[in-house]
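Architecture and fold: a report
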Amino acid sequence: MQNILGELKEGIVFIVSAPAGTGKTTLVRMLCQEFPCVVQSISFTTRKPRPNEIRGKDYHFVDKAEFEKRVAEDDFLEHATVFTEQYGTSKSFVEKERVSGKHVVLVIDTQGAQQLMGKLDAVTIFISPPNMEALQKRLSHRKSENKAAIEERLSWAQKEMSTAGQYDYQIVNDRLEIAYKVLRSIFIAEEHRSLRRKT
Ligand code: ADP
Ligand code: 5GP
C-alpha cells in the first residue's frame, strides 16, 4: 500500500531549531506519532534528567568525562554547549536510521545547526514563537525551569531568532494545529522532491 511518507529507500535528515519553550518537542512528537517513518535523533547530554524524562529515550544522559571521550572519538556529528551543559548528536544513530529508510529529525540548537549547514545534506527548519510574551508564558507553564533559567532562555531566544533566515523553512507556532500542518507539509514535500526519487 502506498504511504504519504516513508516511501524512500534512504531517509532525509531534518534539522529543527527553536528557542526553548516554542513547542518544537511537542510538534516533533506529533510528527513521530503520525508517521512511524519519522524518528527523532536521541542526543547525548551532560544535563541531569528532568522528572518525566526517560534515559535512552529522551536523551542519553552521560557525565562530562563520558561526553569528552565521545568528542575525542569523533562520535558526534555536531556538539555544543547550551545553557552551561553539553549536547551532541550521535553520528552512528543518525546514519543507521537514515539508511534504514527513516527520516531523522535533529532537534538541536542554533549553534549545532550552524555547524551542520553546508556540511550535511539536511533540510533545516526554524520554529518561532508568535511573540516573546507567549514564549514566556509557555516556559512558565511548563514548570521545568526556575525564574532565573527562564530569564536566561528568553534572552538567548532573541539571539537564536536572529538566525532564523539561515534556515530553509520558517514556521510560527502560534496555533499548534496550524504549525503542525505546515511542518507535516514540509516533510511530505521534501520527500517528493524529484532529486530524491531515484526513478
Ligand atoms: P520546546 O521543546 O521548544 O522547548 P515544548 O514542546 O516543551 O517546547 O513546549 C513548551 C510548552 O508550550 C509546553 O507546555 C507545550 O505544551 C506548550 N505549547 C506548545 N505549542 C503551543 C502552542 N501552539 N500554543 C500554546 N502552548 C503551546
Ligand atoms: P533541553 O535541555 O531543554 O532539552 O534542550 C536545550 C537545548 O539544547 C534545546 O535548544 C535543544 O534543541 C538543544 N539540543 C538538544 N540536543 C542537542 C544536540 O544534540 N546538539 C545541540 N547542538 N543542541 C541540542
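Residues numbered from 1 in each chain as written. Chains lettered and ligands numbered in written order. Predicted model: local features only at pLDDT ≥ 70, side-chain atom pairs only at ≥ 80, totals over all residues. Heavy atoms only, no water.

**Remarks on the overall build of the protein**
Condition: Note on conventions: DSSP H or I runs of at least 4 residues are helices, E runs of at least 2 residues are strands, and numbering of each starts at the N terminus. All radius of gyration figures rest on C-alpha atoms, and the globule criterion is 2.2 Å times the number of residues raised to 0.38. Relative accessible area decides the class of each residue, using a 1.4 Å probe on protein chains only: under 20% of the type maximum gives buried, over 50% gives exposed, and in between gives partly exposed. Residue contacts are defined here by distance: any two heavy atoms, one from each residue, within 4.5 Å place the two residues in contact. All accessibility values rest on the Shrake-Rupley procedure with a 1.4 Å probe; residue burial counts only the protein chains present in the view. Charged residues are defined narrowly, with Lys and Arg counted positive, Asp and Glu counted negative, and His plus the chain ends left uncounted. Each charge is placed at NZ for Lys, CZ for Arg, CG for Asp and CD for Glu.
Along the backbone of the protein there are seven helices and nine strands. Its C-alpha atoms give the protein a radius of gyration of 17 Å, within 12% of the compact-globule value 16 Å for 199 residues. Taken along its principal axes, the extent of the C-alpha atoms in the protein is 55 × 40 × 30 Å. Relative to its full complement of 199 residues, the protein shows a buried share of 47%. Sequence separation of at least 24 residues holds for 70% of the intrachain contacts in the protein that already meet a minimum separation of 6. When the accessible area of the protein is evaluated, it comes to approximately 11,000 Å², of which 51% is carbon and sulfur surface. Distance between charge centroids for the protein: 4 Å, based on 30 positive and 27 negative side chains.

**Focus on the site of ligand 2**
Put simply, the test is: Residues are counted as near a molecule or strand when any one of their heavy atoms sits within 4 Å of it. Between N or O atoms, a polar contact is any pair within 3.5 Å; within protein, one atom must be a potential hydrogen donor and the other a potential acceptor, and residues adjacent in sequence are included only when both atoms are from side chains. Any residue outside Ala, Val, Leu, Ile, Met, Phe, Trp, Tyr, Cys, Pro, Asp, Glu, Lys and Arg is labelled polar, Gly included; the first ten of those are nonpolar and the last four are charged.
Residues in contact with ligand 2 amount to 15 residues; listed here are only the nearest, Ser43, Arg47, Tyr59, Glu78 and Tyr87. At 2.5 Å, a side-chain N or O of Tyr87 approaches an oxygen atom of ligand 2. Here ligand 2 has 510 Å² of accessible area as a free molecule, and 94% of this is covered by the chains. Within the residue set of the shell around ligand 2, elements represented by two or more residues are β5 (76–82) and β6 (85–90). Class assignment for the residues of the shell around ligand 2 results in six nonpolar, four polar and five charged.

**Notes on the nonpolar core**
Basically, it comes down to this: Definition of nonpolar core: a set of buried residues of the types Ala, Val, Leu, Ile, Met, Phe, Trp, Tyr and Cys, connected through side-chain atoms within 4.5 Å.
Membership of the largest hydrophobic core comes to 24 residues, with the highest contact counts inside it found for Val38, Val105, Ile125 and Phe187. Broken down by secondary-structure element, the contributors of at least two residues to this core are β1 (13–17), α1 (24–34), β7 (103–107), β8 (122–128) and α7 (176–191). The element contributing the most residues to this core is α7, with six residues. When neighbours within four sequence positions are excluded, Val38 is seen to be in contact with Leu5, Leu31, Cys32, His103, Val105 and Phe187. Listed in part, the 16 residues of the second largest apolar core include Val13, Val104, Leu116 and Phe126.

Spatial relationships are all this shows, so hold off on functional conclusions.
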